[in-house]
Structure formats: C-alpha cells, structure tokens
Protein chains: 2
Amino acid sequence: MHNFIFRNPVELIFGKGQISKLSEKIAPGTKVMMTFGGGSIFKNGIYDQVKAALKGVEVIEFGGIEANPDYSTLMKAVEICKKEKVDMLLAVGGGSIIDGTKFIAAGTKYEGDPWEFMLDSSITSEAIPFGTVLTLPATASEMNCGAVISRRETNEKFAFHNPNCFPQFSILDPTAIYSLPKRQISNGIVDTYAHTLEQYLTTDIDTKVMDRFAEGLLRTLVEIAPDLLKDERSYDVCANFMITATMGLNGFIAMGVDEDWATHMIGHELTALHGLDHGVTLAIVHPGVMRVMKEEKRAKLLKYAERVWDIKEGTEDERIEAAVVKTEEFYRSVGMKIKLSEHNIGEETINTIVKRFRDRKWNVGEHGIVTPEKTEMILRSVL
Amino acid sequence: MHNFIFRNPVELIFGKGQISKLSEKIAPGTKVMMTFGGGSIFKNGIYDQVKAALKGVEVIEFGGIEANPDYSTLMKAVEICKKEKVDMLLAVGGGSIIDGTKFIAAGTKYEGDPWEFMLDSSITSEAIPFGTVLTLPATASEMNCGAVISRRETNEKFAFHNPNCFPQFSILDPTAIYSLPKRQISNGIVDTYAHTLEQYLTTDIDTKVMDRFAEGLLRTLVEIAPDLLKDERSYDVCANFMITATMGLNGFIAMGVDEDWATHMIGHELTALHGLDHGVTLAIVHPGVMRVMKEEKRAKLLKYAERVWDIKEGTEDERIEAAVVKTEEFYRSVGMKIKLSEHNIGEETINTIVKRFRDRKWNVGEHGIVTPEKTEMILRSVL
C-alpha cells in the first residue's frame, strides 16, 4: 500500500426534500451566482425548489453551460463574478455544470488567464466558495476537487485538481433523477463504472479495503443498471445510483492505490475530436485497455473476474477474457456502442490521437505504462 | 435508504514515516498539550519521533490517561489547559487517549461541568483544535467526532458526539503497531468487527453500497486476523488493519443505514462493572444479540451469512445459525473468551445491568427494539 493523504471536507446532504436545506446553507444577503445548463431544471421542478429555498438571497443566474463545459462560456461567468463581486456560487446540474463552476470559482480568484492552471497542474488558485445541487449522477464532481474543461477553439480537453475547489456542500436528492433521459443514465452508469475501474484495475499492491470497496461499487452498478433503465425508477434505485456515482470518484477508493486513467485520457481525445459523450468514449476504450495491458494488470484482472463477475473456472487467460467480455456485454446492455467503427471513427482519428500523445510525450496509466505505442494498440483493438 | 448528512473533514496522513509531517501541521510557537497513556510510546520510539517533529513547539506533556479514560484524570488536563491557555492538543495513542483528548478539547471550552455533555447528548461545545498520532487501531476515534468516557466513582461509562470534535488531522503510521501486544491487536480486531456489525446487521433498507463496504471490512478482518496475530507482522498487514479500523467507524459505512449499538451499550456496562476490555465485552454480547434479535435482523443476517461467510446451503434458520457460529469461532480464533461464565460473571451482573436499563428506560438497538427484557435474554443467552 502506498503512503497517502486523504481529505474530503464536503458536506453531503442526501435524500428526498433536502433541496430546502439550501436556506440553512446560504444566508440571506449573500450574493450568489447560480450556474446551470440548458434548462432541464426548469422542466423537472428543481429550479423552482432552489429559488424557493433562496428567498432573500441575491441571485445572479448564469445558464447555458454546455456539456463538456467550454472555456469561452466559463470566462463570461468569471468576468461577471469579478465585476459583481459575487460571494458564492451555486451549481445546479451534473458534472459539467459543477466542473465549470469550479473553474469559475478558481478563475475569479486567479490573476492570470485561468487556462494557465489547466495546462500546469502545479498551479492551484484560491477559489470563491460554492455549493452544488446535483441533478445527474456520474462524475462525482459534487464530492471532489477536480474538473475537466474543454476548449473547442483548439479541440482541447484537460483536467485540473485544486484542493480549494471542494464544494462546501452538495445536495443529492434522488427524486431529481426520476425524469432523467435514459441516455444520461447510461452515460452515468458507464462513467461511474469506468471511474471505479481506473482506481481498481491497476497493480495489486495489497490494498484490501479499497479493493473491496471498489468491487462493491462495480457489483452495485451491475445490479441496479436494469432497474435504472426502466421507464419508471424507484426512489431506492435512484438513491443507490446517486451514492454509487459519488463514491466512485470522491477519493474513498483511491487511498493508497495505484491509479490508471489511461482510458479517460484517451477518451477525452475522442470527445474533443468527435463530440462523443464522455461515457460513450469510456465504454469504447476500457475493454481495449484491459486486453492490451493484460500482463501488467493480470493480478487485478483475475480478482475482478472472480469478485465482480463470479468467474472461477478456466485458465487465467480464459478468466480474464471472460471478464472483459462481461464488461463489454454490460456496456452494451446499458445501450452503448463499444467500437469506434460503430461511431464512424477510423484510422485517421487513431493517427491524430497517437500523434498528439507522441507530441505531448504522454505515457499514461499507472507508472506510465501506456506509452503512445500502447495507446495505438488500444485504439486499434477497439476499431 | 434514509436521508442523511455526511461530513468528515479529518485529514488522514497515512503511511511509513508520516509522523515527521507533524512539523508541517503544528507551527513553531504553538502551545500544545501532548496527551498519552501509560508510556508504551517511550518504548516503541513514537515519543522520540513526535518530539523530533515538534522542534520549536512549546509542549506540555500529559501522560497517564488510562484505558477507558476517566473523568477525574481528564478534568486535571482540562484545568491545565484553561490555566496555561493551551492552543492545541496532540493525542498520541489509541482510542482511549483520543477519546479522552476530545473530552479535554471540549471540556476546556465548556463553561459548566463537562460531565453535563456526557449526560445530555443535545449539548455540544466548542473545542480547542487537536490532532492525533494513532498507535492502536480499533476505535476509529482518529476519524470521527465521538468519544466514550468512564467515571469510575459512579461505575458509569457514556458516549458523546460533538461535530466540533473531529481531529484536524490524524497520522497513521502502520509501523507504529509492529510491537503492539497480541491482546491489544485482538481487541482491535473485535472492536472493528463489532463496529461494522453495529452499522450493518440491522434492517435491510436497500443500502447497497454501504452493505458492500461493510461486508468488505468484515471479510478483510477475517482475512488478515491470522497474520496480525503472528509474532512478526508485515507492513502491509498492519496497513490493512489500520485502514480497516478507521473505516469501521468514520461515518463511511453509516450513510443512510439503520444503526444498532445495543452490543456496545450492553458491553459498556460489563466494562464499567468488571473492568473487562471493551473488545472482550463485544465478543461476548454480539452473538447473543444475533440470536435473540434474529427475527428483526433476518434479512441482514442472511446477507451476512452469504456474503461474509459464503454460507449458501440450508434453511434460512440454519444459515443464520451457521453465521453466528462462524462469528463465535472467529472471536475465539483471535483469543477471546465469549461467555460471561468464562469471565466469572453471573446472574448478579445480569440483574444489575437489566435494572440499570429499566431504570434508565433504555430501549436500545435500531428503532429501540432491544428492550430491557431483550437485554436480559441476550445476557442470559451468553451466560
């Protein structure tokens, strides 16, 4: 087990009716920028609930933050926050809104161009405080200090982490996802599954508790996915999904383990180049990573096969292959197309991505084992 | 799943050599009271490591805090803290030292007699900040805001929780437990196992993730116990034990679940009346709770049998009984005597405890299902 430092100060306020607790969290007289997306919160009643709880609070609304939030959109919010001397932000939405809000929170306090901290992970900035009301479980941004920001003008997509960018509180009301379209549920399931794998399917360095926690999240997702994709979702299945997504990337399963993230790094390029949903890219890339990096991940792949999929028969290689096939079947079962060609993506994109990784000298994955050559093999294996 | 609020701001600093990080956490010039127990830290080198890291810090040493820390001892520390205007506390020890330090931290800021907040859980007090260096994994006090304090003059032992009593940081160096006596390791294993059961073996209200996390902790304990009780312990087994003990009672597995705690409430009386180690009392009481409360806990007992002990054959009642027997065998395997009579405790003590519970009108366990009558049945079943 590696040495580690864990700290996650986010207050999680979970359950039916909890949006009303906003009135306890944001004092009247506070100047708040409320950030949101394309307007689904107007249809599902969340907007009304939030506004009702914010009586007496001065609210500046900043809507229109897109999926894969864009630098240029967010910079408009940064300007407003600086000009209006906003005290606090309140993100109402999913991972894109919350990620964007972290960028706004830090960007407002940063003296230079905030894109600088996207390019240099050693730069952390002060940030104005913010809370969240989660409407789409997937990224766990509601309980971590990371964010992924896109810049469409340059076809780029990068992540940053800043210990000052933990939400002060996050409100998770499972009823908020009753009306979520299936596509977003599917993306959330795959995103959470992939997050968990990125922290689990690496080197086996005897991290027993974290392994069990990760396996618990994976099994839960497999168990609840069919009910989540029904036309009507029960409260409990929504609640279990929300908590699973949050636990998938809030640091709980990362203590002392090796982490991978090659699938995300490669997937981000597919989103940047073709606009694919984030979850979709992960469903494509992950099986490729499992097969191509089989030797390096052998011990954990065997554990994964046995403990998540109950695969106990056959040679080691057979058990590993069976587990990869189970993973592919699972992704397909939630509605994903898992080959590049199914998305009309071919050789040209592979070459572009591999060239980018070579130019950036990106060896990704745990201990940098995914070289640009391996990245090429991974992408070709999922063509 | 129940609504819940989760917040745990403790910074966990985990791994070999991390005690030296104290120098980053406590600035020179700070006036610190260092609290510890009977002096084992002088023999295992922890004292020297702590003092080396605290160069330039004004340290008042307060040793001699006993197992099951006593009100009268702790009040002496409270007086010193008030008189000397101590800025911060540093607990170096196990659960008793850390619990005692929480009492001192809150007691110093409390205007009345601190025993008042032991008797009335609605009273919370400000507290002076404190950190911990853990030397004995068991109670998870290093990552929660609760404490259990004894008052020997009245044979009482009570718990309090205070959101201002989270440690600011806790340093967990697994090498600190290389030299720990087997009796303390045994107590720690049972304590952690029992904490987890108290939050798991209740009502099945579809808390899938928390169930999996709890089962992961239980399985890990069963897996590592034999290696922990060998004459020489490896780094990894110590590391896995430390993290398991911390996760057992830091709120992570309590989100949205029903909690029991009847075993602890009954066990505290056995400690108060006979001075039994806390872990010993839990090993006695828990199997009794499982058998007597079988109907109320049926669904979870069946899950426990299958997922922790791989018991899949037989009728429901047979599977439950087999799981209780496995639990008893596990407690015996780590060196516990699990019957009252093996500790020369008999009818008289049962009558005393039941009378106390009746007098206090204590219906304990989830939803108060463990009435004084059930408490009597539980104690008689483990005679």
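Treat the numbers as computed from the prediction; the structure is a model and nothing was measured. Counting starts from 1 at the beginning of each chain's written sequence and moves along it residue by residue. For this description, chains carry letters from A and ligands carry numbers from 1, given in the order in which they are written. A pLDDT threshold of at least 70 governs which residues receive local features in this predicted model, and a stricter bar of 80 or more applies before side-chain atom pairs are shown or counted, although totals over entire chains, interfaces and linings include all residues. Side-chain figures throughout are based on the complete set of non-hydrogen atoms in the structure, without hydrogens or water.

A few words on the overall build of chain A. Every helix listed is a DSSP run of H or I at least four residues long, and every strand listed is a run of E at least two residues long, numbered separately from the N terminus. Check the secondary structure of chain A and you find 15 helices and eight strands. In this treatment the radius of gyration is a C-alpha quantity, and the globule benchmark scales as 2.2 Å times the residue count to the 0.38 power. Its C-alpha radius of gyration of 20 Å places chain A within 12% of the 21 Å reference for a compact globule of 383 residues. With respect to the principal axes defined by its C-alpha atoms, chain A has extents near 65 × 45 × 45 Å. Within chain A, buried positions represent 62% of all 383 residues. Taking the contacts inside chain A whose residues are at least 6 apart along the sequence as the reference set, 77% of them involve residues at least 24 apart. Accessibility throughout is a Shrake-Rupley quantity obtained with a 1.4 Å probe, and a residue counts as covered only by protein chains that appear here. For chain A, the exposed surface amounts to about 13900 Å²; the carbon and sulfur share of it is 49%. As used throughout, the charge tally considers Lys and Arg to be positive and Asp and Glu to be negative, leaving His and the chain termini uncounted. For charged residues, the charge sits on one atom: NZ in Lys, CZ in Arg, CG in Asp, CD in Glu. For chain A, the distance from the average site of its 44 positive side-chain charges to the average site of its 54 negative ones is 2 Å. Each residue is placed in one exposure class: buried if its accessible area under a 1.4 Å probe, protein chains only, is under 20% of its type's maximum, exposed if it is over 50%, and partly exposed if it falls in between. We call two residues in contact when some of their heavy atoms are within 4.5 Å.

Looking now at helix α5 (residues 95–109) of chain B. Residue pairs three or four apart in sequence face the same way in an α-helix, which turns once every 3.6 residues. In this model α5 of chain B runs 22 Å from its N-terminal to its C-terminal C-alpha over 15 residues, within 8% of the 21 Å that 1.5 Å per residue would give. Taken across its 15 residues, α5 of chain B has 13 buried, putting it largely inside the fold. For a helix, the expected span equals 1.5 Å multiplied by the residue count minus one.

Next up on the list: the packing of helix α11 (residues 278–292) of chain B against helix α15 (residues 372–381) of chain B. All names here are of chain B. The axes used here are C-alpha line fits, helices contributing only the stretch in contact, and every angle between their N-to-C directions lies in the interval 0 to 180 degrees. The contact between α11 and α15 brings their axes to 8 Å, and the two run at 120°. Of the possible angle classes, the one that applies to α11 and α15 is oblique. The interaxial crossing formed by α11 with α15 has right-handed handedness. Residues Val 285, Gly 288, Val 289 and Val 292 of α11 form the contact with α15, whose own contacting residues are Lys 374, Met 377, Ile 378 and Ser 381. Gly is put with the polar residues, along with every residue not named as nonpolar or charged; the nonpolar set is Ala, Val, Leu, Ile, Met, Phe, Trp, Tyr, Cys and Pro, and the charged set is Asp, Glu, Lys and Arg. Partitioning the contact of α11 with α15 into residue classes produces five nonpolar, two polar and one charged. The scheme is simple: roughly parallel for angles under 35 degrees, roughly antiparallel for over 145, roughly perpendicular for 65 to 115, oblique for anything else. It is the rotation of the near helix from the far one that decides the hand of a crossing: anticlockwise by less than a right angle makes it left-handed, clockwise makes it right-handed.

In this section: the side chain of Arg 298 of chain A. Residues and elements named next belong to chain A. Within the fold, Arg 298 resides in helix α12 (residues 298–309). A residue is classified by how much of its surface remains accessible, and Arg 298, at 18% relative accessible area, is buried. Polar contact is defined as a pair of N or O atoms within 3.5 Å, subject to the rule that within protein one atom must be able to donate a hydrogen and the other to accept it, and that residues adjacent in sequence are counted only when both atoms are side-chain atoms. A distance of 2.9 Å separates the side chain of Arg 298 from the side chain of Glu 316, its partner in a polar contact. Here Asp 317 takes part through its side chain, which lies 2.8 Å from a polar atom of the side chain of Arg 298. If sequence neighbours within four positions are ignored, Arg 298 has contacts with Glu 316, Asp 317 and Ile 320.

Moving on: the pattern of salt bridges. All names here are of chain B. Criterion for a salt bridge: a side-chain nitrogen of Lys or Arg within 4 Å of a carboxyl oxygen of Asp or Glu. Scanning the entire structure with this criterion turns up 64 salt bridges over all chains. Asp 227 is paired through a salt bridge with Lys 230; the nearest N and O atoms lie 2.8 Å apart. A relative accessible area of 32% means that Asp 227 is categorised as partly exposed. Of the residues examined, Lys 230 reaches a relative accessible area of 47% and is grouped as partly exposed.

Looking now at the packing of aromatic side chains. Stacked, edge-to-face and tilted are the three classes for Phe, Tyr and Trp ring pairs, Trp counted by its six-membered ring, which pair at centre distances within 6.5 Å; planes under 30 degrees apart are stacked, over 60 edge-to-face, the rest tilted. Scanning the entire structure with this criterion turns up 40 aromatic pairs over all chains. Between Phe 14 of chain A and Phe 4 of chain B the ring centres are 4.8 Å apart and the planes differ by 10°, which places this aromatic pair in the stacked class. Here Phe 14 of chain A is found in strand β1 (residues 4–14), whereas its partner Phe 4 of chain B is found in strand β1 (residues 4–14) on a different chain. Residues Phe 14 of chain A and Phe 4 of chain B agree in their burial class; the two are buried. Seen from their ring centres, Phe 42 of chain A and Tyr 47 of chain A are 4.5 Å apart, and the 40° between their planes marks the pair as tilted. For Phe 42 of chain A, a relative accessible area of 43% puts it in the partly exposed group. Three or more aromatic residues joined by ring pairs make a cluster, and in this case those are Tyr 71, Phe 103, Tyr 110, Trp 115, Phe 117, Phe 158, Phe 160, Phe 357 and Trp 362 of chain A. We count a charge as sitting over a ring when the NZ of a lysine or the CZ of an arginine lies within 6 Å of the ring centre and within 35 degrees of the ring normal. In this structure, Arg 360 of chain A is placed above the aromatic ring of Trp 362 of chain A, and the distance from its NZ or CZ to the ring centre is 4.5 Å.

Time to look at the interface of chain A and chain B. Across the contact, 42 residues belong to chain A and 41 residues belong to chain B. The three residues of chain A that bury the most area against chain B are Met 1, Arg 212 and Phe 213 of chain A, which together make up 17% of that side's buried surface. Counting the contacts that link chain A with chain B gives two salt bridges. Arg 212 of chain A is the salt-bridge partner of Glu 223 of chain B, the closest N and O atoms lying 3.5 Å from each other. Secondary structure elements with two or more residues in the side of chain A that touches chain B: β1, α8 (208–228) and α9 (235–247) of chain A. Residue composition of the side of chain A that touches chain B, grouped by class: 22 nonpolar, nine polar and eleven charged. Put simply, buried area is how much 1.4 Å-probe accessible surface two parts lose in total, over both of them, once they are put together.

Strand order in the open sheet formed by twelve strands is β3(A)-β2(A)-β4(A)-β5(A)-β8(A)-β1(A)-β1(B)-β8(B)-β5(B)-β4(B)-β2(B)-β3(B), with mixed pairing between adjacent strands. On the outer flanks of this sheet lie β3 (58–62) of chain A together with β3 (58–62) of chain B, each paired with one strand and no other. The mean inter-strand angle of the sheet, taken between neighbouring strand axes irrespective of direction, is 25°. Two strands pair when backbone bridges link them, and strand β2 (residues 31–35) of chain B and β3 of chain B are joined in this way by five bridges, in the parallel orientation. Across the sheet, the residue bridging to Val 32 of chain B is Val 59 of chain B, located in β3 of chain B. One bridge is not enough; two strands pair if DSSP finds at least two bridges between them.

In this section: the environment of Leu 74 of chain A. Its location among the elements puts Leu 74 of chain A in helix α4 (residues 71–84). Apart from the residues within four sequence positions on either side, Leu 74 of chain A is in contact with Ile 65, Pro 69, Gly 100, Phe 103, Ile 104 and Ile 149 of chain A.

What follows is about the relation of the copies chain A and chain B. The copies are overlaid by a least-squares fit using only the C-alpha atoms of residues whose pLDDT is at least 70 in both copies. The transformation that overlays chain A on chain B combines an axial shift of 0.0 Å with a rotation of 180°, and the residual RMSD is 0.0 Å. Overall, the copies show the geometry of a two-fold rotation axis. Distance from the rotation axis, computed per C-alpha, reaches its smallest value in chain A at Pro 9 of chain A: 2.1 Å. With an isologous cut-off of 70% or more, the 98% of interface residues of chain A that recur at the interface of chain B puts this contact in the isologous class.

The next point concerns the pairing of strand β8 (residues 169–172) of chain A. Residue and element names in this part refer to chain A. Burial along β8 is two-sided: the face carrying Phe 169 and Ile 171 and the face carrying Ser 170 and Leu 172 are both buried. Where β1 meets β8, four bridges bridge the pair, whose relative direction is parallel. Directly across from Leu 12, in β8, lies its bridge partner Ser 170.

Here the focus is the confidence of the model for chain A. When the pLDDT values of chain A are averaged, the result is 96; 100% of them are 70 or greater. Two numbers describe this predicted complex: its pTM, 0.96, and its ipTM, 0.96. For every residue, the predictor assigns a confidence score, pLDDT, that lies between 0 and 100.

With that settled, the discussion passes to the side chain of Thr 281 of chain A. All names here are of chain A. With respect to the helices and strands, Thr 281 occurs in helix α11 (residues 278–292). Thr 281 gets classed as buried once you look at its relative accessible area, which sits at 0%. In this structure the side chain of Thr 281 is engaged in a polar contact, spanning 2.6 Å, whose partner is the backbone oxygen of His 278. If near-sequence neighbours (up to four positions away) are discounted, Thr 281 is found in contact with Gly 267, Leu 270, Thr 271 and Leu 276.

A rise of 1.5 Å per residue sets the reference length of helix α12 (residues 298–309) of chain B, with its twelve residues, at 16 Å; its end C-alpha atoms lie 16 Å apart and thus fit the reference within 8%. The buried fraction of α12 of chain B amounts to ten of the twelve residues, a majority that puts the element mostly inside the structure. Looking at the packing, one finds that the buried side of α12 of chain B touches α8 of chain A together with α7 (182–200), α8 (208–228), α11 and α13 (316–333) of chain B. Positive phi appears at Asp 310 of chain B, one or two residues downstream of α12 of chain B, with a value of about 55°.

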